[in-house]
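# What the coordinates show
These are the residues of each chain, in order.
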Amino acid sequence: MKGLRDIRKLPNLTAMPHKPKIPHKDLVTEIDAFCEAAGMSRSRFGAAAVRDPRFVFDLEDGRECRSKTLNAVRNFMRTHPMPTGGAV
């Protein structure tokens, strides 16, 4: 059974760390702070900033971020109007 021998050569996935290294952890932290201050969900942020509702979640899962995308995210956070503290 050649197929069974090949399966035995696969890495032990249970021994792998639960979360991969996050290349843009500082960006995720910055986005989370922005979302909290703006009263915005992560998925709404991703959809508004880069037209991808999974953007922040994918960053947490190890997604790389191109400089063009990084610039779009930072520009969105810089130009998006923040709430002024009125009644909720």
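Residue numbers run consecutively from 1 along every chain, following the written order of its sequence. Given that this is a predicted model, residues contribute local features only at a pLDDT of at least 70 and side-chain atom pairs are listed and counted only at 80 or more, while totals for whole chains, interfaces and linings are drawn from all residues. The side-chain figures draw on all heavy atoms in the structure; neither hydrogens nor water molecules are used.

## With respect to the packing of aromatic side chains
Any Phe, Tyr or Trp ring, taking Trp's six-membered ring, that has another such ring centre within 6.5 Å forms a pair; planes under 30 degrees apart are called stacked, those over 60 apart edge-to-face, and the others tilted. Throughout the structure, instances matching the rule amount to three aromatic pairs. Relative to F76, the ring of F34 has its centre 6.0 Å away and its plane inclined at 65°; by these criteria the two rings are edge-to-face. Placement of F34 in helix α2 (residues 25-38) and of F76 in helix α5 (residues 67-79) is noted, with a sequence separation of 42 residues between them. The exposure class assigned to F34 is buried, which follows from its relative accessible area of 9%. Looking at F76, the relative accessible area reads 13%, which means it is buried. Connected via pairs of aromatic rings, a cluster forms that spans F34, F45 and F76. Strands are runs of DSSP state E lasting at least 2 residues, helices are runs of H or I lasting at least 4, and numbering of each runs from the N terminus. A 1.4 Å probe rolled over the protein chains alone gives each residue an accessible area, and that area as a share of the maximum for its type sets the label: buried under 20%, exposed over 50%, partly exposed in between.

## Quick look at the packing of helix α3 (residues 42-50) against α5
Between α3 and α5, whose axes approach to 9 Å, the crossing angle comes to 110°. One finds that α3 runs roughly perpendicular with respect to α5. For the pair formed by α3 and α5, the contact residues are F45, A48, A49 and V50 on the first element and T69, A72, V73, F76 and M77 on the second. Any residue outside Ala, Val, Leu, Ile, Met, Phe, Trp, Tyr, Cys, Pro, Asp, Glu, Lys and Arg is labelled polar, Gly included; the first ten of those are nonpolar and the last four are charged. In terms of residue class, the contact of α3 with α5 is made up of eight nonpolar, one polar and no charged. Lines fitted to C-alpha atoms define the axes here, with helix axes fitted over just the stretch in contact, and angles between the N-to-C directions of these axes take values from 0 to 180 degrees. Should an angle fall under 35 degrees it is called roughly parallel, over 145 degrees roughly antiparallel, and 65 to 115 degrees roughly perpendicular, with every other angle called oblique. Whether two residues touch is decided by their heavy atoms; if any such pair falls within 4.5 Å, the residues are in contact.

## As for the environment of L70
Structurally, L70 is set in helix α5. Residue classification places L70 among the partly exposed positions, given a relative accessible area of 23%. Taking C-alpha positions, L70 is 9.8 Å from H24, a pair spaced 46 residues apart along the chain. Not counting residues within four places of it along the chain, the set of residues in contact with L70 comprises L27 and C65.

## Quick look at unusual backbone geometry
At R51, a residue that is not glycine, the phi angle is positive and equals roughly 60°. Mapping R51 onto the fold places it in the loop between α3 and α4 (55-60).

## Considering the packing of α2 against α5
For the pair α2 and α5, interaxial distance at closest approach is 11 Å and the crossing angle is 25°. Between α2 and α5, the interaxial angle falls into the category roughly parallel. Judged by the twist between their axes, the crossing of α2 over α5 is left-handed. On α5, the residues that touch L27, E30, I31 and F34 of α2 are L70, V73, R74, F76 and M77. Here the contact of α2 with α5 is built from residues that sort into seven nonpolar, no polar and two charged. Throughout, a crossing is termed right-handed when the near helix is turned clockwise from the far one, and left-handed when it is turned anticlockwise from it by less than a right angle.

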